[in-house]
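This is what each chain is made of:
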Amino acid sequence: MVALWKDRLYLTIVYLILIGLVVSVIFPLLYVVSVSLTPYSEVLRHGGFLVVPRDITFAAYKAFLKDDMVPYAYGVTVFITVVGTFVNLVLTSLMAYPLTKKYLPGRNIFLLLIVFTTLFGAGMIPVYLIVKATGLLNSVWSMIIPSAIGSFNLLVMKSFFESLPESLDEAARIDGAGETGILVRIVLPLSMPIMATIGLFYAVGHWNEFFSALIYISDRKLHPLQVMLQGILNRGRTSELNVEETLPTISLQMAAVVLTALPIIVVYPFIQKHFTKGVLLGSVKG
């Protein structure tokens, strides 16, 4: 009886903690969505604390989407997310696969240098000078090329490649396949979980691109969504959105947050299964 009571108490505490964590995650999302959909007078009537909207209005969303710079911002963000993620996956896999081969000359030195970059960075100024010298300033490629290969993602993908059975590699060699053929026909098709996982890491990073755009991009038409959102959140100038001054800034802010985060929220459930599997398999060598 005592053991059963302790188990029930333990489960109760665990469930309470989990419920608290869920509430802490869901509540801010509900608040943002509710404020963006509720007339500002209704928000003030509830003292600024509103979770479930009663009167719904889409004025803030319409105002945000009417801005002339929104299509440019969305276009830039979609481009760097799709093209950037493709470039990331191609280059990361092309570098991770050779590092799984113990006979690769200088393999340990390369791995040491990769791990070193996870501990120490070159700094903002050297990277800026390299981007400037290569002519990438005021180009969308300045938000893709400098971060083409992530050290952490590279090591995770390498660990996953090493977990694949060596017998497949040997059988392919007997059939006359070369290194490129083994990678394209055998390794990559079996690596969809880790590709989905690493691809999500890269895609989220590109979708939330902000710091690189501030440093390398001065043309407003090349600013991604997050830079535009920063202007709304910090400056709160409704005139930038070509809307009436009576529209509250907080409504525009919340609508902008929802519209910039919505695509990632919609895509994630479709790759959640591959994401979880890839994290587990990629983190531990089998």
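Here we summarise the structure given alongside this text. Keep in mind it's a predicted model, so treat the numbers as computed, not measured. (Residues numbered from 1 in each chain as written. Predicted model: local features only at pLDDT ≥ 70, side-chain atom pairs only at ≥ 80, totals over all residues. Heavy atoms only, no water.)

1. Observations regarding the side chain of Ser36
Looking at the element boundaries, Ser36 is found in helix α1 (residues 2–37). A residue is classified by how much of its surface remains accessible, and Ser36, at 2% relative accessible area, is buried. Within the local environment of Ser36, its side chain forms a polar contact with the side chain of Tyr61, the two groups lying 2.6 Å apart. Setting aside residues up to four positions removed in sequence, Ser36 forms contacts with Thr57, Ala60, Tyr61, Ser251, Met254, Ala255 and Val258. (Helix = DSSP H or I, 4+ residues; strand = E, 2+ residues; numbered from the N terminus. Buried < 20%, exposed > 50% of the residue type's maximum accessible area, 1.4 Å probe, protein only. Polar contact = N/O pair within 3.5 Å; in protein donor to acceptor, adjacent residues only side chain to side chain. Contact = heavy atoms within 4.5 Å.)

2. Considerations on the packing of aromatic side chains
Any pair of aromatic rings gets described here by the distance separating the centres and the angle formed by the planes. Across all of its chains, the model carries 5 aromatic pairs by this definition. Here Phe116 and Phe120 contribute two aromatic rings whose centre-to-centre distance is 5.0 Å and whose plane-to-plane angle is 35°, an arrangement assigned as tilted. A residue is classified by how much of its surface remains accessible, and Phe116, at 46% relative accessible area, is partly exposed. Judged by relative accessible area, Phe120 falls into the exposed class, the value being 52%. With 6.2 Å between their ring centres and 20° between their planes, Tyr128 and Tyr216 make a pair best called stacked. Of this pair, Tyr128 sits in helix α6 (residues 124–133) while Tyr216 sits in helix α11 (residues 211–216); the two residues are 88 residues apart in sequence, bridging distant segments of the chain. Residue classification places Tyr216 among the buried residues on the basis of a relative accessible area of 8%. (Phe/Tyr/Trp six-rings, centres within 6.5 Å; stacked < 30°, edge-to-face > 60°.)

3. Here's the deal with the pattern of salt bridges
Applying the stated criterion across every chain yields a total of 3 salt bridges. With a shortest N-O distance of 3.2 Å, Glu162 and Arg107 are connected by a salt bridge. Of the two residues, Glu162 sits in helix α7 (residues 151–163) while Arg107 sits in helix α5 (residues 107–119), which places them 55 residues apart along the sequence. We note that Glu162, like Arg107, is buried. Here Lys158 and Glu162 are joined by a salt bridge, their closest N and O atoms 2.9 Å apart. Separated by 4 residues within a single helix, Lys158 and Glu162 lie in helix α7, roughly one turn from each other. Given the relative accessible area of 10%, Lys158 is considered buried. A residue is classified by how much of its surface remains accessible, and Glu162, at 19% relative accessible area, is buried. One connected set of salt bridges, linked through shared partners, spans Arg107, Lys158 and Glu162. (Salt bridge = Lys/Arg side-chain N within 4 Å of Asp/Glu carboxyl O.)

4. Comments concerning unusual backbone geometry
The phi angle at Asn138 is positive, at roughly 55°, despite the residue not being glycine. Turning to its location among the elements, Asn138 is positioned in the loop between α6 and α7.

5. Section: α7
Helix length check: α7, at 13 residues, gives a terminal C-alpha distance of 19 Å against a target of 18 Å (1.5 Å per residue), a fit within 8%. Among all positions in α7, only Asn153, Leu154, Val156, Met157, Lys158, Ser159, Phe160, Phe161 and Glu162 are buried. (Expected span 1.5 Å × (residues − 1).)

6. Side note on the side chain of Thr77
Position of Thr77 relative to the elements: it lies in helix α4 (residues 69–99). If we ignore the near neighbours within four places in the chain, the residues touching Thr77 are Trp207, Pro224 and Leu225.

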